[in-house]
Amino acid sequence: MITLQTNGYRTRNPLSDIAIGAVDGLDVALLCYALATIMFSQILAVFIPIGLTITLMGWAILTLTVILTSPLKVHLITLDEQAVAIFGTIGILVAGNLGPLATTGTGLTTMLCVVSLTTMLVALSMYLTARFGLSRFLELIPYPVVCG
């Protein structure tokens, strides 16, 4: 059962909370734009607005989930840049293989399927790792390899 956090870090001045939230929100919005342009580069650039919407919504869902369910007092939440670099390479390969079809719904659908299936596969592997107590093996693998 998910329980909402009732305690947490509180600053003495609410204006500092607003300032920190505004700066963090602007930083993440620019990061999401950069990540969307990397994922949907070259001929797939026509889908940057959709990619930006998806990355912003994903960040918002992730942030709200962590803030509302974490027992910790301070949260540092961001999107992973390494996975986006890999998706950018996949996007270039998709654009190269689909040719003119990459600017149609086929290109967008292919990229979204790749991202969705990869996300589900990583989530499943992390669940199985936690379920069977295999986290000691992850310490032996470099982080970029796990991300890739």
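Since the structure is predicted, the reported quantities are computational estimates derived from the model, not experimental observations.

Moving on, we get to the packing of aromatic side chains. All chains considered together, the criterion is met by zero aromatic pairs. In this structure, Arg131 packs its charged tip against the face of Phe132, placed 5.8 Å from the ring centre.

On to the nonpolar core. Within the largest apolar cluster, 19 residues are counted, with the highest numbers of intra-cluster contacts made by Met39, Phe40 and Leu44. Within the residue set of this core, elements represented by two or more residues are α1 (14–39), α2 (48–69), α3 (81–98) and α4 (105–131). Every residue in contact with Met39, bar those within four places of it in the chain, is listed here: Val84, Phe87, Gly88, Gly91, Met111 and Val115.

A separate point is the confidence of the model for the protein chain. With 86% of its residues at a pLDDT of 70 or more, the protein chain shows a mean pLDDT of 83. Here helix α6 (residues 143–147) stands out as the least confident element of the protein chain, with mean pLDDT 63; α4 is the most confident, with 90.

Attention now goes to α4. Compared with an ideal rise of 1.5 Å per residue, which puts 27 residues at 39 Å, α4 spans 38 Å between its outermost C-alpha atoms and is within 8% of the ideal. When α4 is considered as a whole, its buried residues turn out to be Gly107, Leu108, Met111, Val115 and Thr129. Elements in contact with the buried residues of α4: α1, α2, α3 and α5 (135–138). Looking at the residues trailing α4, positive phi occurs at Gly133, about 65 degrees.

Glancing now at a nonpolar patch on the surface. Taken together, Leu121, Val122, Leu124, Met126, Tyr127, Leu128, Phe132, Leu134, Phe137, Leu138, Leu140 and Ile141 make up a surface patch of nonpolar side chains, about 1,200 Å² in accessible area. Looking at the nonpolar patch, the elements that each hand over two or more residues are α4 and α5. Ranked by residues supplied to the nonpolar patch, first place goes to α4 with six residues. If you trace the backbone, Leu140 turns up in the loop between α5 and α6.

Turning our eyes to something else, we now look at α1. Spacing of three or four residues puts side chains on the same side of an α-helix, whose turn is 3.6 residues. Under the 1.5 Å per step criterion, the end-to-end length of α1 is 37 Å for 26 residues, consistent within 8% with the ideal 38 Å. Turning to α1, its buried residues number three or more, namely Val28, Leu31, Cys32, Leu35, Ala36 and Met39. Looking at the packing, one finds that the buried side of α1 touches α2, α3 and α4.

What follows concerns the packing of α1 against α3. In a packed pair of helices, the relevant descriptors are the angle between the two axes and the axis-to-axis distance. The interhelical angle for the contact between α1 and α3, taken along N-to-C directions, is 30 degrees, at an axis separation of 7 Å. Relative to α3, the element α1 lies roughly parallel. Contact residues: Leu31, Leu35, Ile38 and Met39 in α1; Glu81, Val84, Ala85, Phe87, Gly88 and Gly91 in α3. Of the residues belonging to the contact of α1 with α3, the class tally is seven nonpolar, two polar and one charged.

Parameters and conventions
Residues numbered from 1 in each chain as written. Predicted model: local features only at pLDDT ≥ 70, side-chain atom pairs only at ≥ 80, totals over all residues. Heavy atoms only, no water. Phe/Tyr/Trp six-rings, centres within 6.5 Å; stacked < 30°, edge-to-face > 60°. Lys NZ or Arg CZ within 6 Å of the ring centre and 35° of its normal. Core = buried A, V, L, I, M, F, W, Y, C linked by side-chain atoms within 4.5 Å. Buried < 20%, exposed > 50% of the residue type's maximum accessible area, 1.4 Å probe, protein only. Helix = DSSP H or I, 4+ residues; strand = E, 2+ residues; numbered from the N terminus. Contact = heavy atoms within 4.5 Å. pLDDT = per-residue confidence, 0-100. Expected span 1.5 Å × (residues − 1). Patch = residues over 30% accessible without salt bridge, like charges linked within 9 Å, V, L, I, M, F, W, Y side chains within 5 Å. Areas by Shrake-Rupley, 256 points an atom, 1.4 Å probe, with all protein chains shown as cover. Salt bridge = Lys/Arg side-chain N within 4 Å of Asp/Glu carboxyl O. Axes fitted to C-alpha atoms, helices over the stretch in contact; angles between N-to-C directions. Parallel < 35°, antiparallel > 145°, perpendicular 65-115°, else oblique. Nonpolar A, V, L, I, M, F, W, Y, C, P; charged D, E, K, R; others polar.

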